[in-house]
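Breakdown of the fold
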Amino acid sequence: MSLGLIGQKLGMTRVFTENGDSLPVTIIDVAKNRVTQVKTQAKDGYSAIQLAFGKKRAIRVNKPLAGHYSKAGAEAGGIIREFRVKSDDELLEIESGSTIEIDIFQEGQKVDISGITIGKGYAGTIKRHNFSSNRTSHGNSKAHRKPGSIGMAQDPGRIFPGKKMSGQMGCVKRTTQNLKIIKIDKERNLLLVKGAVPGSKGGKVIIRPSIKEKQ
């Protein structure tokens, strides 16, 4: 099943294996993923489940979205995402207003996790693109961290689009693939995933079964 969950990154810690090895893990809270809509091939043209996660004050929910939540019988959430499935057969036991539990994942399973990376602000080429700095002596005057030549000769006489230059760094959507689930805490609805995932503490992440894992 290709269904996933929405979660919140709580931070990182480490766990010890039976051999005494220390593994860095990210803790993700996946509690109360509510089904707000079930989309079928006949009605919508594709099969998918729409989930809501988190909380949002009623005054912050606009009228169309409030009606959508009311129709589904689900509590308003801070984020809504869709998860496509292969066929309608996977949706037979799922109804609007129900919750998707953490049981859809298993310990040892590989997952892909998407999130918004930490914003670093305006950064130069050395920090943003890993450029090498210029020499610090022997005639170098105020050009220690400059990118160097960026233009062309008279032909074509312009800078090509996509040239690596300084600018906004971070705060973009990224996906880390093939992360292993080390432990599942069913009582507290927590996933412990090996390694780091995109985003800062408190950020929302999307967890899906890995597309590269051998079935």
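I will try to describe carefully the structure that is included in this document. (Residues numbered from 1 in each chain as written. Predicted model: local features only at pLDDT ≥ 70, side-chain atom pairs only at ≥ 80, totals over all residues. Heavy atoms only, no water.)

This part covers the side chain of Asn 189. With respect to the helices, strands and loops of the structure, Asn 189 is situated in the loop between β10 (173-185) and β11 (190-194). When near neighbours in sequence (up to four residues on either side) are disregarded, Asn 189 contacts Ile 28, Asp 29, Val 30, Ala 31, Glu 101 and Ile 102. (Helix = DSSP H or I, 4+ residues; strand = E, 2+ residues; numbered from the N terminus. Contact = heavy atoms within 4.5 Å.)

A word on unusual backbone geometry. Put simply, Asp 155 and Pro 156 share a cis peptide bond, and its omega is 10 degrees. By the secondary structure assignment, Pro 156 is in the loop between α3 (125-129) and β9 (167-169). Although it is not a glycine, Asn 130 adopts a positive phi angle of roughly 65 degrees. Counting through the fold element by element, Asn 130 comes out in the loop between α3 and β9. Looking at Asn 130, the relative accessible area reads 66%, which means it is exposed. If you check the backbone angles, Asn 189 has positive phi at about 55 degrees while not being a glycine. (Buried < 20%, exposed > 50% of the residue type's maximum accessible area, 1.4 Å probe, protein only.)

The buried fraction of strand β4 (residues 48-53) amounts to 6 of the 6 residues, a majority that puts the element mostly inside the structure. Alternating residues of β4 divide into Ala 48, Gln 50 and Ala 52 and Ile 49, Leu 51 and Phe 53, and every residue in both groups is buried. With 5 bridges joining them, strand β3 (residues 33-39) and β4 adopt antiparallel strand pairing. Along β4, the bridge assignment pairs Val 35 with Leu 51. Relative to strand β5 (residues 79-84), β4 is paired through 6 bridges, and the arrangement is antiparallel. Its bridge partner being in β5, Gln 50 is matched across the sheet by Glu 82. (Pairing = 2+ DSSP bridges.)

Turning our attention to the environment of Glu 93. Following the sequence through the fold, Glu 93 ends up in the loop between β5 and β6 (99-100). For Glu 93, a relative accessible area of 81% puts it in the exposed group. Glu 93 sits 18 residues away from Val 111 along the chain, and the two C-alpha atoms are 23 Å apart.

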